[in-house]
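In case you want the letters, here they are:
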Amino acid sequence: MLSLRQGLGLDTMDAVSDSSWQPSNESCLEAWFKKDTGLTLVDSGGTDYVSNWADSSSNSNDMAQTTASKRPSYSGSPNNELVFPTVSSGDWLTSSSNILLAGEFTLVFKIHPSFPSGTSSSSGYIISDNQSLTRTTIDIGTENEIIWRFAFQPAGFSTITLDAGRTFGDDYLVLTRDGSDTITLWHNGVSQADTNSAAGTYAVHFESISNSIIKMFAGTIEEIQAYSCSNATLTS
């Protein structure tokens, strides 16, 4: 069995055999925004913009943006990424509904966050619920720290800091909650020593920023997945 990053082509692999593992093999798959798949592209001035990213799971949690000026652009070959220029550009996609994760979960991102010139923060939110920025969020806060808040938490945010010497770049990130409610971040296949703990229901609403303040994600996104389980297959 191939590892998660190999099975999804999340590293340098360009092709995967038909017999390899796929997210759809997991009954706990909730959403799969697959690289270079299910994209609706709209040309404007010679640049392709993404108006819809179809969910490749069977759950139809598609992401869309009906406002032309708010759509991320599409890089095309060879990286096939969605491009979000700056945290203040206001470009975003939103999934059709919240995904409620009450127990174990695994969230997977192939992203490359960028930071304002001359600074190490902040690349903005990669997840927010469809209620308010003060509720469920995951934020690349600095070049070595992820900030998260679940809707059921008291006021304030929790952080997970990357191991010494690690910084965010062209990354394969996995955030898990296990059966003991331990939150672990995996950075390019390696679990980070800094962990946290939180119980309760997590309302995931991909790329949805329902408030007007400027903290939207800046960088590129290749793939996103969500599972209502955690296991070794999803983190190896």
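Provided above is the structure to which this section pertains.
Just so it is clear, the structure is predicted and the values come from calculations on it, not from any experiment. (Residues numbered from 1 in each chain as written. Predicted model: local features only at pLDDT ≥ 70, side-chain atom pairs only at ≥ 80, totals over all residues. Heavy atoms only, no water.)

Asker: An account of the pairing of strand β19 (residues 219-227) is requested, with residue identities and associated values reported.
Answerer: In terms of burial, β19 is a largely internal element, nine of the nine residues being buried. With four bridges joining them, strand β1 (residues 29-33) and β19 adopt antiparallel strand pairing. Note on β19: the bridge partner recorded for Ala-31 is Ala-226. As paired strands, strand β6 (residues 82-84) and β19 are joined by three bridges and run antiparallel to one another. What sits directly across from Val-83, in β19, is Thr-220. Two elements, strand β9 (residues 105-113) and β19, share eight bridges in a ladder whose sense is antiparallel. (Buried < 20%, exposed > 50% of the residue type's maximum accessible area, 1.4 Å probe, protein only. Helix = DSSP H or I, 4+ residues; strand = E, 2+ residues; numbered from the N terminus. Pairing = 2+ DSSP bridges.)

Asker: Describe the packing of aromatic side chains, listing the residues and the values that go with them.
Answerer: Under the criterion given, the structure shown has one aromatic pair. A centroid spacing of 5.7 Å and a plane angle of 55° characterise the contact between Phe-33 and Trp-53, whose relative ring orientation is tilted. Here Trp-53 lies in strand β3 (residues 47-53) and Phe-33 lies in strand β1, a separation of 20 residues in the sequence. We note that Phe-33, like Trp-53, is buried. (Phe/Tyr/Trp six-rings, centres within 6.5 Å; stacked < 30°, edge-to-face > 60°.)

Asker: Can you explain the state of the cysteines? Please cite residues and give values.
Answerer: Here a disulfide denotes one covalent bond, and it connects the sulfur atoms of two cysteines. Taken as a whole and judged by the stated rule, the model has one disulfide. At a sulfur-sulfur separation of 2.0 Å, the disulfide partner of Cys-28 is Cys-229. With Cys-28 in the loop between α1 (4-7) and β1 and Cys-229 in the segment after β19, this residue pair connects regions lying 201 residues apart in the sequence. Among the residues examined, Cys-28 registers a relative accessible area of 11% and is labelled buried. (Disulfide = S-S within 2.5 Å.)

Asker: Report on the side chain of Arg-177, specifying residues and quantitative values.
Answerer: Relative to the helices and strands, Arg-177 is located in strand β14 (residues 171-177). The side chain of Arg-177 sits in the buried core without any salt bridge; Asp-181 is the nearest counter-charge, 4.2 Å away. Looking at Arg-177, its side chain comes within polar contact range of the main-chain oxygen of Ala-102, at 3.5 Å. (Lys, Arg positive; Asp, Glu negative; His and termini not counted. Salt bridge = Lys/Arg side-chain N within 4 Å of Asp/Glu carboxyl O. Polar contact = N/O pair within 3.5 Å; in protein donor to acceptor, adjacent residues only side chain to side chain.)

Asker: Outline the pattern of salt bridges, supporting the account with residue identities and numerical values.
Answerer: Overall, the coordinates contain three salt bridges when judged by the stated rule. Salt-bridge contacts for Glu-222 lead to Lys-35; the nearest nitrogen and oxygen are separated by 3.0 Å. Of this pair, Glu-222 sits in strand β19 while Lys-35 is found in the loop between β1 and β2 (39-44), placing the two residues 187 residues apart along the sequence. Lys-110 serves as the salt-bridge partner of Asp-170, at 2.5 Å between the closest nitrogen and oxygen. A residue pair is termed long-range when its members are at least 10 positions apart, and Asp-170 in the loop between β13 (158-161) and β14 and Lys-110 in strand β9 qualify at 60 residues. The exposure class of Lys-110 is buried, given its relative accessible area of 5%.

Asker: Can you explain the environment of Glu-145? Please cite residues and give values.
Answerer: As for its placement among the helices and strands, Glu-145 is situated in strand β12 (residues 145-149). Along the chain, Glu-145 and Leu-162 lie 17 residues apart, while their C-alpha atoms are 6.0 Å from each other. With residues up to four places along the chain from it excluded, the contact list for Glu-145 reads Asp-139, Ile-140, Thr-159, Ile-160, Thr-161 and Phe-168. (Contact = heavy atoms within 4.5 Å.)

Asker: Can you explain the pairing of β9? Please cite residues and give values.
Answerer: Counting buried residues along β9, eight of its nine residues qualify, which places the element largely inside the surrounding structure. Sheet topology places β9 next to β14; seven bridges connect them, and they run antiparallel. Of the residues in β14, the one forming a bridge with Phe-105 is Arg-177.

Asker: Can you lay out the nonpolar core for me, pointing to particular residues and giving the numbers?
Answerer: Within the largest apolar cluster, 33 residues are counted, with the highest numbers of intra-cluster contacts made by Leu-107 and Ile-138. By size, the runner-up hydrophobic cluster in this structure holds 11 residues, among which are Trp-32, Val-108, Tyr-172 and Tyr-227. (Core = buried A, V, L, I, M, F, W, Y, C linked by side-chain atoms within 4.5 Å.)

Asker: Go over the environment of Ala-199 with me, naming the residues and quoting the values.
Answerer: Positionally, Ala-199 belongs in the loop between β17 (196-197) and β18 (202-204). Separated by 17 residues in the primary sequence, Ala-199 and Thr-182 place their C-alpha atoms 8.5 Å from one another.

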